[in-house]
Amino acid sequence: VYVPVRIQIPAEGIEGQALGGIVVTRIDPEHTAAGVSFSVRSVYSYAIAVQLQTDTQPATPAFSANNAALTQIAGQSALEIELENKAFAVFSRMKARVHILRNDNASPVFESAEITLSMAPGALVSYLVLLPEGIALDPGTYTIQVEWSHQEQSGVLETALQVQM
(Lines give C-alpha, C1' and ligand atoms only; values in the text may rest on other atoms or scores of the structure.)
Protein backbone atom coordinates (compact mmCIF):
# COMPACT_ATOMS: atom_id res chain seq x y z
CA VAL A 1 0.00 0.00 0.00
CA TYR A 2 1.34 3.42 -0.96
CA VAL A 3 0.22 6.35 1.18
CA PRO A 4 1.46 9.79 0.12
CA VAL A 5 2.30 12.10 3.02
CA ARG A 6 2.77 15.86 2.67
CA ILE A 7 4.85 17.67 5.27
CA GLN A 8 4.98 21.45 5.22
CA ILE A 9 8.08 23.01 6.75
CA PRO A 10 7.74 26.60 8.01
CA ALA A 11 9.20 29.23 5.66
CA GLU A 12 11.78 30.23 8.31
CA GLY A 13 13.04 26.63 8.43
CA ILE A 14 13.74 24.46 11.45
CA GLU A 15 16.51 25.08 13.96
CA GLY A 16 18.36 21.78 14.21
CA GLN A 17 16.21 18.72 13.69
CA ALA A 18 12.55 18.03 14.34
CA LEU A 19 11.68 14.51 15.43
CA GLY A 20 8.29 12.94 15.25
CA GLY A 21 6.40 10.02 13.89
CA ILE A 22 3.46 8.87 11.87
CA VAL A 23 1.19 6.38 13.59
CA VAL A 24 -0.95 4.16 11.39
CA THR A 25 -3.80 2.30 13.08
CA ARG A 26 -5.85 -0.49 11.58
CA ILE A 27 -9.03 -1.77 13.20
CA ASP A 28 -10.12 -5.27 12.28
CA PRO A 29 -12.95 -4.77 9.72
CA GLU A 30 -15.02 -7.67 11.16
CA HIS A 31 -15.58 -5.63 14.27
CA THR A 32 -16.57 -2.38 12.59
CA ALA A 33 -19.72 -3.39 10.73
CA ALA A 34 -22.32 -0.63 10.38
CA GLY A 35 -24.76 -0.50 13.30
CA VAL A 36 -22.78 -3.06 15.35
CA SER A 37 -21.03 -2.03 18.52
CA PHE A 38 -18.34 -4.13 20.19
CA SER A 39 -16.62 -3.43 23.49
CA VAL A 40 -13.42 -5.20 22.36
CA ARG A 41 -11.79 -4.52 19.01
CA SER A 42 -8.67 -5.87 17.35
CA VAL A 43 -6.49 -2.83 16.78
CA TYR A 44 -3.07 -2.82 15.15
CA SER A 45 -0.81 0.23 15.25
CA TYR A 46 2.46 0.93 13.51
CA ALA A 47 4.78 3.89 14.08
CA ILE A 48 7.12 5.31 11.46
CA ALA A 49 9.84 7.63 12.72
CA VAL A 50 10.29 10.97 10.94
CA GLN A 51 13.34 13.22 11.19
CA LEU A 52 13.26 16.62 9.48
CA GLN A 53 16.14 18.99 8.91
CA THR A 54 16.28 22.05 6.64
CA ASP A 55 20.00 22.72 6.98
CA THR A 56 22.14 20.12 5.19
CA GLN A 57 25.31 21.09 7.09
CA PRO A 58 26.27 18.84 10.02
CA ALA A 59 24.68 20.00 13.25
CA THR A 60 26.95 21.81 15.67
CA PRO A 61 27.35 19.71 18.83
CA ALA A 62 26.57 21.35 22.16
CA PHE A 63 27.35 18.79 24.86
CA SER A 64 28.07 19.24 28.55
CA ALA A 65 29.24 17.00 31.39
CA ASN A 66 27.09 18.23 34.27
CA ASN A 67 28.46 16.24 37.19
CA ALA A 68 30.25 13.05 38.15
CA ALA A 69 29.92 10.75 41.15
CA LEU A 70 31.30 7.45 42.35
CA THR A 71 28.80 4.61 42.70
CA GLN A 72 28.63 0.81 42.94
CA ILE A 73 27.16 -1.59 40.39
CA ALA A 74 26.85 -5.19 41.56
CA GLY A 75 29.64 -4.61 44.07
CA GLN A 76 32.00 -3.04 41.53
CA SER A 77 33.13 0.58 41.73
CA ALA A 78 31.85 2.76 38.92
CA LEU A 79 31.90 6.36 37.81
CA GLU A 80 28.59 7.95 36.75
CA ILE A 81 28.79 11.03 34.54
CA GLU A 82 25.72 13.00 33.49
CA LEU A 83 26.04 14.04 29.84
CA GLU A 84 23.64 16.49 28.21
CA ASN A 85 22.94 17.16 24.54
CA LYS A 86 22.00 20.86 24.39
CA ALA A 87 21.81 20.91 20.58
CA PHE A 88 18.61 20.60 18.55
CA ALA A 89 19.96 17.53 16.80
CA VAL A 90 20.31 13.77 17.15
CA PHE A 91 23.87 12.51 17.48
CA SER A 92 24.00 8.81 16.71
CA ARG A 93 27.06 6.58 16.66
CA MET A 94 29.03 9.13 18.69
CA LYS A 95 32.31 7.82 20.15
CA ALA A 96 33.30 8.61 23.74
CA ARG A 97 36.16 7.77 26.12
CA VAL A 98 36.69 8.83 29.76
CA HIS A 99 39.93 10.00 31.40
CA ILE A 100 40.23 10.45 35.18
CA LEU A 101 42.99 12.88 36.19
CA ARG A 102 44.03 13.68 39.74
CA ASN A 103 44.37 17.46 39.94
CA ASP A 104 47.82 17.34 41.58
CA ASN A 105 49.21 14.98 38.90
CA ALA A 106 49.15 15.37 35.12
CA SER A 107 49.09 11.65 34.31
CA PRO A 108 45.71 9.90 34.06
CA VAL A 109 44.64 7.63 36.91
CA PHE A 110 42.33 5.74 34.52
CA GLU A 111 41.35 5.72 30.84
CA SER A 112 38.23 3.86 29.72
CA ALA A 113 37.71 1.91 26.54
CA GLU A 114 35.92 3.77 23.73
CA ILE A 115 32.16 3.32 23.60
CA THR A 116 29.49 4.23 21.06
CA LEU A 117 26.43 6.13 22.20
CA SER A 118 23.53 8.10 20.75
CA MET A 119 21.89 11.20 22.16
CA ALA A 120 18.53 12.73 21.29
CA PRO A 121 18.00 16.52 21.39
CA GLY A 122 17.89 17.75 24.99
CA ALA A 123 18.73 14.29 26.35
CA LEU A 124 20.39 13.70 29.70
CA VAL A 125 22.38 10.46 29.66
CA SER A 126 23.97 8.72 32.65
CA TYR A 127 27.26 7.47 31.28
CA LEU A 128 28.45 4.63 33.56
CA VAL A 129 32.09 3.60 33.54
CA LEU A 130 33.04 0.45 35.47
CA LEU A 131 36.34 0.87 37.28
CA PRO A 132 38.50 -2.26 37.20
CA GLU A 133 39.71 -3.87 40.42
CA GLY A 134 42.84 -2.14 41.67
CA ILE A 135 41.72 1.33 40.58
CA ALA A 136 41.17 3.20 43.82
CA LEU A 137 40.52 6.90 43.90
CA ASP A 138 42.14 8.34 47.01
CA PRO A 139 40.52 11.35 48.67
CA GLY A 140 41.10 14.49 46.64
CA THR A 141 39.89 16.43 43.63
CA TYR A 142 39.85 14.87 40.18
CA THR A 143 39.09 16.16 36.71
CA ILE A 144 36.86 13.91 34.65
CA GLN A 145 37.37 14.33 30.91
CA VAL A 146 34.98 12.90 28.35
CA GLU A 147 36.67 12.84 24.95
CA TRP A 148 34.05 12.59 22.19
CA SER A 149 33.93 12.47 18.42
CA HIS A 150 31.09 12.47 15.91
CA GLN A 151 31.81 12.34 12.19
CA GLU A 152 34.40 15.11 11.57
CA GLN A 153 33.78 16.90 14.89
CA SER A 154 35.38 16.22 18.27
CA GLY A 155 35.94 17.77 21.67
CA VAL A 156 36.62 17.24 25.35
CA LEU A 157 34.12 17.84 28.15
CA GLU A 158 35.29 18.34 31.72
CA THR A 159 33.68 18.10 35.12
CA ALA A 160 35.07 17.84 38.64
CA LEU A 161 34.89 14.89 41.01
CA GLN A 162 35.53 15.35 44.72
CA VAL A 163 36.42 12.10 46.53
CA GLN A 164 36.12 12.17 50.31
CA MET A 165 36.91 9.54 52.93
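The residue numbers shown here count from 1 along each chain, following its written sequence. Predicted model: local features are reported for residues with pLDDT of at least 70 only, side-chain atom pairs are reported and counted for 80 or more only, and whole-chain, interface and lining totals are derived from all residues. Side-chain measures here rest on the full set of heavy atoms in the structure, leaving out hydrogens and waters.

Participant: Break down the overall build of the protein for me, with residues and values.
Facilitator: In this text, helices come from DSSP runs of H or I with a minimum length of four residues, and strands from runs of E with a minimum of two, each type numbered from the N-terminal end. Looking only at helices and strands, the protein features zero helices and 10 strands. Each helix and strand of the protein, placed in order from N terminus to C terminus, yields the pattern β-β-β-β-β-β-β-β-β-β. Any pair of residues with heavy atoms lying within 4.5 Å of one another is described as a contacting pair. Expressed as a percentage of contacts within the protein between residues at least 6 apart in sequence, the contacts between residues at least 24 apart total 61%. Surface exposure here means Shrake-Rupley accessible area, sampled with a 1.4 Å probe, where a residue is shielded only by the protein chains that are shown. A total of about 11100 Å² of accessible surface is found on the protein, and carbon and sulfur atoms cover 51% of it.

Participant: Quick rundown of the packing of aromatic side chains? Include the residues and the values.
Facilitator: Paired rings are identified among Phe, Tyr and Trp, the last through its six-membered ring, by centres lying within 6.5 Å, and are further divided according to the angle between planes into stacked (under 30 degrees), edge-to-face (over 60) and tilted (the rest). As enumerated under the stated definition, the model contains two aromatic pairs in all. Geometrically, the ring pair formed by Phe 63 and Phe 91 is edge-to-face, given 5.0 Å between the ring centres and 70° between the ring planes. Of this pair, Phe 63 sits in strand S3 (residues 63-73) while Phe 91 sits in strand S5 (residues 91-102), and the two are 28 residues apart along the sequence. An identical accessibility class is assigned to Phe 63 and Phe 91; each is buried. On the basis of an interplanar angle of 80° and a centroid distance of 4.9 Å, the ring pair of Phe 63 and Trp 148 is categorised as edge-to-face. With Phe 63 in strand S3 and Trp 148 in strand S9 (residues 140-150), this pair connects stretches of sequence that are 85 residues apart. Throughout this description, buried means an accessible area under 20% of the type-specific maximum (1.4 Å probe, protein chains only), exposed means over 50%, and partly exposed covers the range between. Judged by its relative accessible area of 9%, Trp 148 falls in the buried class. An aromatic cluster of at least three residues, connected via ring pairs, comprises Phe 63, Phe 91 and Trp 148.

Participant: Give a detailed account of the sheet that holds strand S4 (residues 76-85), specifying residues and quantitative values.
Facilitator: For two strands to be treated as a pair, DSSP must find at least two bridges joining them. Taken in spatial order, the three strands make up an open sheet running S3-S4-S8, and their pairing is antiparallel. Across the chains shown, the open sheet's two edge strands, defined by having one partner strand only, are S3 and strand S8 (124-130). Averaged over all neighbouring strand pairs, the angle between strand axes comes to 25°, with direction disregarded. Both S4 and S8 contribute to a ladder of seven bridges, which runs antiparallel. Along S8, the bridge assignment pairs Glu 80 with Leu 128. Lines are fitted to the C-alpha atoms to define the axes, a helix being fitted only along its stretch in contact, and any angle between axes, read from their N-to-C directions, falls within 0 to 180 degrees.

Participant: For a nonpolar patch on the surface, give the residues involved together with the corresponding values.
Facilitator: On the surface, a cluster of nonpolar side chains totalling about 530 Å² of accessible area is made up of Val 1, Val 3, Val 5, Ile 7 and Ile 9. Within the secondary structure, Ile 7 sits in the segment before strand S1 (17-27). Residues forming no salt bridge and having over 30% relative accessible area are the ones grouped into patches, like charges within 9 Å of each other and nonpolar side chains (Val, Leu, Ile, Met, Phe, Trp, Tyr) within 5 Å. Salt bridge, as used here, is a side-chain nitrogen of Lys or Arg placed within 4 Å of a carboxyl oxygen of Asp or Glu.

Participant: Can you tell me about the nonpolar core, naming the residues and giving the values?
Facilitator: The criterion is simple. A nonpolar core is a set of buried Ala, Val, Leu, Ile, Met, Phe, Trp, Tyr and Cys residues joined through side-chain atoms within 4.5 Å. Formed by 27 residues in total, the largest nonpolar core has its most connected members in Leu 79, Ile 81, Val 98 and Ile 100. Of all the secondary-structure elements, those providing two or more residues to this core are S3, S4, S5, strand S7 (115-119), S8, S9 and strand S10 (153-163). The element best represented in this core is S5, accounting for five residues. Excluding its chain neighbours within four sequence positions, the residues that come into contact with Val 98 are Leu 79, Ile 81, Phe 110, Glu 111, Ser 112, Tyr 127, Val 129, Ile 144, Gln 145 and Val 146.

Participant: Hey, could you go over the side chain of Gln 145 for me, with residue numbers and the actual values?
Facilitator: Within the secondary structure, Gln 145 is located in strand S9. The exposure class of Gln 145 is buried, given its relative accessible area of 19%. Looking at Gln 145, its side chain comes within polar contact range of the side chain of Glu 158, at 2.9 Å. Residues within four places of Gln 145 in sequence aside, it is in contact with Arg 97, Val 98, His 99, Leu 101, Val 156, Leu 157 and Glu 158. Distance and chemistry together define a polar contact, namely a pair of N or O atoms within 3.5 Å, with one atom able to donate a hydrogen and the other to accept it when in protein, and with adjacent residues in sequence counting only for side-chain atoms on both sides.

Participant: Provide a residue-level description of the environment of Met 94, including the pertinent values.
Facilitator: Along the polypeptide, Met 94 turns up in strand S5. Taking relative accessible area as the criterion, Met 94 reaches 3% and is therefore assigned buried. In the structure, Met 94 is positioned 23 residues away from Leu 117 in sequence and 5.3 Å away in space, judged by C-alpha atoms. Here Met 94 is in contact with Phe 63, Ile 115, Thr 116, Leu 117, Met 119, Ser 149 and His 150, once residues within four sequence places are set aside.

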